[in-house]
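One-letter residues, chain by chain:
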Amino acid sequence: MRKKAARAVPEWLNSPLWSAAPPVPAPPDPYGADLSPSSSPPPPPKPPPPTPPVPPPSYEQAVGSSRRARGEAVREGEDDDDDSRGAALQAHLLSDFKLALSKKVINTGELRRLACLGVPDGSAGVRPLVWKLLLGYLPTEHAFWPHELEKKRSQYNAYKDEFLLNPSEKIRRFEKSKLLRKKELNSEKIGLLPRSVVTNEEHPLSFGKSSLWNQYFQESEIVEQIDRDVKRTHPDMPFFSSKTNQESLRRILIIYSKLNSSVRYVQGMNEVLAPLFYVFKNDPDPSNSASAEADTFFCFVELLSGFKDNYCKHLDNSQVGIRSTLSKLSQLLKRHDKELWRHMEITTKVYPQYYAFRWITLLLTMEFTFNVCIHIWDAILGDPEGPQDTLTRICCAMLVLVRRRLLAGDFTANIQLLQHYPPTNIDHLLHIANRLRGSF
Amino acid sequence: MVLVLALGDLHVPHRAADLPAKFKSMLVPGKIQHIICTGNLCVKEVHDYLKSLCPDLHITRGEYDEDARYPETKTLTIGQFKLGLCHGHQVVPWGDLDSLAMLQRQLDVDILVTGHTHQFKAYKHEGGVVINPGSATGAYSSVTYDVNPSFVLMDIDGLRVVVYVYELIDGEVKVDKIDFKKTATMLHS
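Residues numbered from 1 in each chain as written. Chains lettered and ligands numbered in written order. Predicted model: local features only at pLDDT ≥ 70, side-chain atom pairs only at ≥ 80, totals over all residues. Heavy atoms only, no water.

## Section: the UniProt feature "domain: Calcineurin-like phosphoesterase" (unreviewed entry) in chain B
Alright, step 1. Listed under "domain: Calcineurin-like phosphoesterase" (unreviewed entry) in the UniProt record, and renumbered for this structure, are residues 4–157 of chain B.
Alright, step 2. Annotated as residues 4–157 of chain B, this span is 18% helix and 30% strand, and its ends, taken at the C-alpha atoms, are 11 Å apart. (UniProt positions renumbered as here; feature names shortened; annotations may be inferred. Helix = DSSP H or I, 4+ residues; strand = E, 2+ residues; numbered from the N terminus.)

## Describing the side chain of A:Asn245
Residues and elements named next belong to chain A.
Alright, step 1. Mapped onto the elements, Asn245 comes out in helix H10 (residues 243–259).
Alright, step 2. Reaching out from Asn245, the side chain makes a polar contact with the backbone oxygen of Phe239 at a distance of 2.7 Å.
Alright, step 3. With residues near it in sequence (within four places) discarded, Asn245 still touches Phe239, Phe277 and Lys281. (Polar contact = N/O pair within 3.5 Å; in protein donor to acceptor, adjacent residues only side chain to side chain. Contact = heavy atoms within 4.5 Å.)

## Focus: the environment of A:Leu259
Residue and element names in this part refer to chain A.
Alright, step 1. Here Leu259 shows up in helix H10.
Alright, step 2. On the accessibility criterion, Leu259 (35% relative accessible area) is partly exposed.
Alright, step 3. Distance from Leu259 to Leu407, taken between C-alpha atoms, is 46 Å for residues 148 residues apart in sequence.
Alright, step 4. The residues contacting Leu259, other than those within four sequence positions of it, are Tyr159, Phe163 and Phe297. (Buried < 20%, exposed > 50% of the residue type's maximum accessible area, 1.4 Å probe, protein only.)

## Let's talk about the sheet that holds strand S1 (residues 191–192) of chain A
Alright, step 1. Read from one edge to the other, the open sheet built from six strands follows the order S1(A)-S7(B)-S8(B)-S6(B)-S5(B)-S4(B), with strand pairing classed as mixed. Strands with a single pairing partner mark the edges of an open sheet, and in this sheet they are S1 of chain A together with strand S4 (73–78) of chain B.
Alright, step 2. Sheet analysis places S4(B) next to strand S5 (residues 81–86) of chain B, joined by six bridges and oriented antiparallel. Among the inter-strand pairings, B:Leu76 is bridged to a residue of S5(B), identified as B:Leu83. (Pairing = 2+ DSSP bridges.)

## A look at unusual backbone geometry
Among all residues save glycine, negative phi is the norm, and among peptide bonds the norm is trans.
Alright, step 1. Of the consecutive residues B:Val12 and B:Pro13, the connecting peptide bond is found in the cis state with omega at 5°.
Alright, step 2. Here B:Pro13 lies in the loop between strand S1 (2–7) and helix H1 (21–26).
Alright, step 3. Within the chain, A:Leu363 stands out as a residue other than glycine whose phi angle is a positive 50°.
Alright, step 4. The residue A:Leu363 is located in the loop between helix H16 (352–361) and helix H17 (370–382) in this model.
Alright, step 5. Even without being glycine, B:Asp170 reaches a positive phi, approximately 55°.
Alright, step 6. With respect to the secondary-structure elements, B:Asp170 resides in the loop between strand S10 (160–169) and strand S11 (172–181).
Alright, step 7. Since its relative accessible area comes to 75%, B:Asp170 is described here as exposed.

## Let's talk about the interface of chain A and chain B
Alright, step 1. Between chain A and chain B, the residue contacts involve 30 residues of the former and 33 residues of the latter.
Alright, step 2. Counting each side, the surface lost to burial between chain A and chain B is near 2800 Å², with a carbon and sulfur contribution of 61%.
Alright, step 3. The interface formed by chain A and chain B holds two salt bridges in total.
Alright, step 4. Of all elements in the fold, only helix H7 (167–177), S1, strand S2 (196–197) and helix H8 (212–232) of chain A reach the threshold of two or more residues within the side of chain A that touches chain B.
Alright, step 5. For the side of chain A that touches chain B, the element with the highest residue contribution is H7(A), accounting for six residues.
Alright, step 6. Class assignment of the residues belonging to the side of chain A that touches chain B gives a composition of 14 nonpolar, eight polar and eight charged.
Alright, step 7. Looking at chain direction, S2(A) and S11(B) are connected through two bridges and run antiparallel. Bridge pairing in S11(B) links A:Ser196 to B:Lys177. (Buried area = accessible area lost by both parts, 1.4 Å probe. Salt bridge = Lys/Arg side-chain N within 4 Å of Asp/Glu carboxyl O. Nonpolar A, V, L, I, M, F, W, Y, C, P; charged D, E, K, R; others polar.)

## Some words on a nonpolar patch on the surface
Residues and elements named next belong to chain A.
Alright, step 1. Together, Tyr351, Tyr354 and Phe411 give the surface a local cluster of nonpolar side chains, amounting to about 270 Å² of exposed area.
Alright, step 2. Mapped onto the fold, Tyr354 is located in helix H16.
Alright, step 3. Exposure remark for Tyr354: the relative accessible area of 38% places this residue in the partly exposed category. (Patch = residues over 30% accessible without salt bridge, like charges linked within 9 Å, V, L, I, M, F, W, Y side chains within 5 Å. Areas by Shrake-Rupley, 256 points an atom, 1.4 Å probe, with all protein chains shown as cover.)

## Description of the nonpolar core
Alright, step 1. A:Val130, A:Phe300 and A:Trp359 are the most contacted members of the largest nonpolar core, which has 102 residues in total.
Alright, step 2. A per-element tally of this core places helix H13 (residues 292–311) of chain A first, with ten residues.
Alright, step 3. If sequence neighbours within four positions are ignored, A:Val130 has contacts with A:Phe97, A:Leu101, A:Leu111, A:Ala115 and A:Val119.
Alright, step 4. With 34 residues, the next largest nonpolar core counts B:Leu27, B:Leu41, B:Val43 and B:Tyr166 among its residues. (Core = buried A, V, L, I, M, F, W, Y, C linked by side-chain atoms within 4.5 Å.)

## Observations regarding the packing of aromatic side chains
Aromatic ring pairs are reported here in terms of the distance separating the ring centres and the angle at which the planes meet.
Alright, step 1. Under the defined criterion, the tally for this structure stands at 23 aromatic pairs over all chains.
Alright, step 2. Note on A:Tyr159 and A:Phe297: the rings are 5.9 Å apart at their centroids and 65° apart in plane angle, and the pair reads as edge-to-face. Of this pair, A:Tyr159 sits in helix H6 (residues 145–163) while A:Phe297 sits in helix H13, placing them 138 residues apart in sequence.
Alright, step 3. Overall, A:Tyr159 belongs to the buried group, its relative accessible area being 18%.
Alright, step 4. Ring geometry for B:Phe151 against B:Tyr166: centres 4.9 Å apart, planes inclined by 10°, an arrangement best described as stacked. One end of the pair, B:Phe151, is in strand S9 (residues 150–157); the other, B:Tyr166, is in strand S10, and 15 residues separate them in sequence. Of the two residues, B:Phe151 and B:Tyr166, neither departs from the other in class, the shared state being buried. (Phe/Tyr/Trp six-rings, centres within 6.5 Å; stacked < 30°, edge-to-face > 60°.)

As structure tokens, then:
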């Protein structure tokens, strides 16, 4: 009897928490006795939330209970109650955040815990600050912030000067610095113009390795690709249609590609950059908003440093590349929901690379609406386990959440479903992701 | 930063078979924004080759060109500079700088590009600058057999022009550059 139970659905999945219809009570068979004890009396449509039978660790309990409370509030669909409960919770969270952020030395653990609950929206402007702290851009000591910001922003300006000029401008600056005053005399003299020798093959048609011109033309292909992608980022949002914002995105991506020759630019990085820039640019503090470009650049570098290996083509098949991440996802699913795993990988042959590739490389920016995505990023950035692992858990949770439809579907239907993931309640999703914790 | 290639007097196929291999290897599409050609290509194949390097091609008629539809002179504006183009066999004495200056004043341009003499020249007078890119194939001229293949690449950046002169001397490509700015006297036009 016991060995069959290993293949059965874990009982917490069968709780009415996230399924609309009450689960069918198991037919009387010798194996059914161990299954879902909570499902035996079919629960009434509006039950009080049943506590999970397995005692969870304290962190999870804290996160789980408040999430469930919010989830319940949203699910019950009574608008007045829902709004007032939701608003009260939001206000409570906001004050928690403000308290945590006002300390002289920020407690990162506390901040992470709060971030996983979801950063409140609105004009309080808490989110840009929280993200900067979580990504390590700002140090934990409050007093060091102005100095750090100043240093980083001027460094970004230096990068702009170094990487964004075309060869003509660079050569001109170089000559100016060498004080070649003789050239000034040319403007008045009449006669044959004097010729000067070109050194180091520094002419536009040069193929020399050290030639500025050669490097410029080689990089022009990447720059063109960045241009095209920036224009296509979120065309439905007026924020991203503005020329200045597009120019900022373009500059950030060009500088990143020049600083990271191993990865350069991969299509999709613009999508990962977009929410970061949006959040920082919409900071209500005008001095922060004005330097949003510099802040976004460093946070983007930090965020991608964890995921860089996913973008490297030659690391694809290695221990750290995208394939290994996808197989981790597969293993996670197998451990928690063997039935679904078997159905996906063996019966219908829907392998992770067909759907999860985009989920992982773009950090779920294309699966959900923009605002929902920003909420998910709160959890991804805030989780102490790190963005990579959290993302994998959330992807697994996405699969588990639609398991009924997946189990009922064949290859085509499942691929269709996963490539156009249906809108879902984020709190449920993140709660399930939580449950999958501690399994790496 | 606009790159403009100036060349001419190729005389293909009558006096030369093709551009020197070293020149051809340097001239790749995608780098140059405009080509101005003084004339005497002479055949359509050369026209097509130049068109493949850059779609924006301007040519004036040389006395041996087989396509009769090229104009005698042409003017165009690139950035802050007005450029004039003419083959030069019309201006007598050939290669005389004062007569060319007269043509330049007639066309009212800052930079006049002419050919015909098959000798590179870059000369400045009150009205502007005259540039002769020489012969890109090293074809013999009406005056001399001793011709080094040469052409010119101009980098126009605001009010400043850097002229890169490419010459093939003894089988090696030599690159020089000339720097000048648009001055107050020139700005009056």
